[in-house]
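Below, each chain spelled out in residue letters.
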Amino acid sequence: MRAATDILDISPVIPVVVLDDATHAAPLAQALQRGGIRTIEVTLRTPVALEAIERINGEVEGITVGAGTITQPGQAKEAARAGAGYLVTPGTTDRLLDEVADTELPALPGVSTVSEALRLAERGMRALKFFPAEPAGGVPYLKSLSSPLPELSFCPTGGITPDNAGRYLALPNVRCVGGSWLAPKEALAKGDWGHIEALARQAVALG
Ligand code: 3PG
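- Per an unreviewed UniProt entry, the protein goes by 2-dehydro-3-deoxy-phosphogluconate aldolase and derives from Actinopolyspora righensis.
- Entered under Pathway (unreviewed entry) in the UniProt record, the comment concerning the protein runs "Carbohydrate acid metabolism; 2-dehydro-3-deoxy-D-gluconate degradation; D-glyceraldehyde 3-phosphate and pyruvate from 2-dehydro-3-deoxy-D-gluconate: step 2/2."
- For the protein, the Sequence similarities (unreviewed entry) comment in UniProt is given as "Belongs to the KHG/KDPG aldolase family."

A short note on the packing of helix α3 (residues 49-59) against helix α4 (residues 75-82)
(1) Moving on: At their nearest, the axes of α3 and α4 sit 8 Å apart, and the two run at 30° to each other. When the axis of α3 is compared with that of α4, the two are roughly parallel. In the crossing of α3 with α4, the sense of the turn from one axis to the other is right-handed. Where α3 approaches α4, its residues L50, I53 and E54 are matched on the opposing element by E78, A79 and A82.

Side note on the site of the ligand
(1) Moving on: For the ligand, the full set of nearby residues is V16, P90, F131, T157, G158, G159, I160, G178, G179 and S180.
(2) Moving on: Here the residues of the shell around the ligand sort into four nonpolar, six polar and no charged.

Comments concerning the sheet that holds strand β4 (residues 86-88)
(1) Moving on: The strand order across the open sheet built from six strands is β5-β4-β3-β2-β1-β9, with neighbouring strands paired in parallel fashion. Each having just a single partner strand, β5 (107-108) and β9 (177-179) make up the two edges of the open sheet.
(2) Moving on: With two bridges joining them, strand β1 (residues 13-17) and strand β2 (residues 39-43) adopt parallel strand pairing. The partner of V16 across the bridge, within β2, is E41.

How each quantity is defined
Residues numbered from 1 in each chain as written. Predicted model: local features only at pLDDT ≥ 70, side-chain atom pairs only at ≥ 80, totals over all residues. UniProt positions renumbered as here; feature names shortened; annotations may be inferred. Axes fitted to C-alpha atoms, helices over the stretch in contact; angles between N-to-C directions. Helix = DSSP H or I, 4+ residues; strand = E, 2+ residues; numbered from the N terminus. Parallel < 35°, antiparallel > 145°, perpendicular 65-115°, else oblique. Left-handed = near helix turned anticlockwise from the far one by under 90°. Contact = placed C-beta atoms within 7 Å. Near = placed C-beta within 6 Å. Nonpolar A, V, L, I, M, F, W, Y, C, P; charged D, E, K, R; others polar. Pairing = 2+ DSSP bridges.

Encoded structure:
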């Protein structure tokens, strides 16, 4: 099994996707892959999310699919059963952390404060999601964590764009960023996989 820190190194950008139609899952993953992206985070915000994870696993080779927006009891286990390769949470509670740990999957738990980050470091976690990155302090905030918390690496997510991603990726404690811009709703609705491939290519170049 992969370590959580390895998840941060799969691609410079983790596409955070919201799918309303499970049939979009495989062509979306393939378009991202053609653009050079090797992972996709399917958020558990829609009724088809678990099916989307299953479809990507079954139909697309060579992409690591994660499950995001894990917030409710039982979701971590359901995502593991659907074949998720890693789990992402927007924040952390003890219950959530215990449920995620029970799956034995690598995880990127969400934090937005120093104390939250320290609490997870005490549990041995080294790879964290910084969420919501821009509203929570952005690049200057994360930069100021690198000196007191050098053992922690972050995937900032929330408000990241092609314009600001490079500034995050230049920080010593940032190994990748997450963002929804790679899978715009309009492109999904139209099946504009070429546009998504182009966005993926541009995102890979940021790294
Ligand atoms: C989310 O949970 O929706 C992610 O943080 C994506 O945020 P973004 O839409 O600002 O990229």
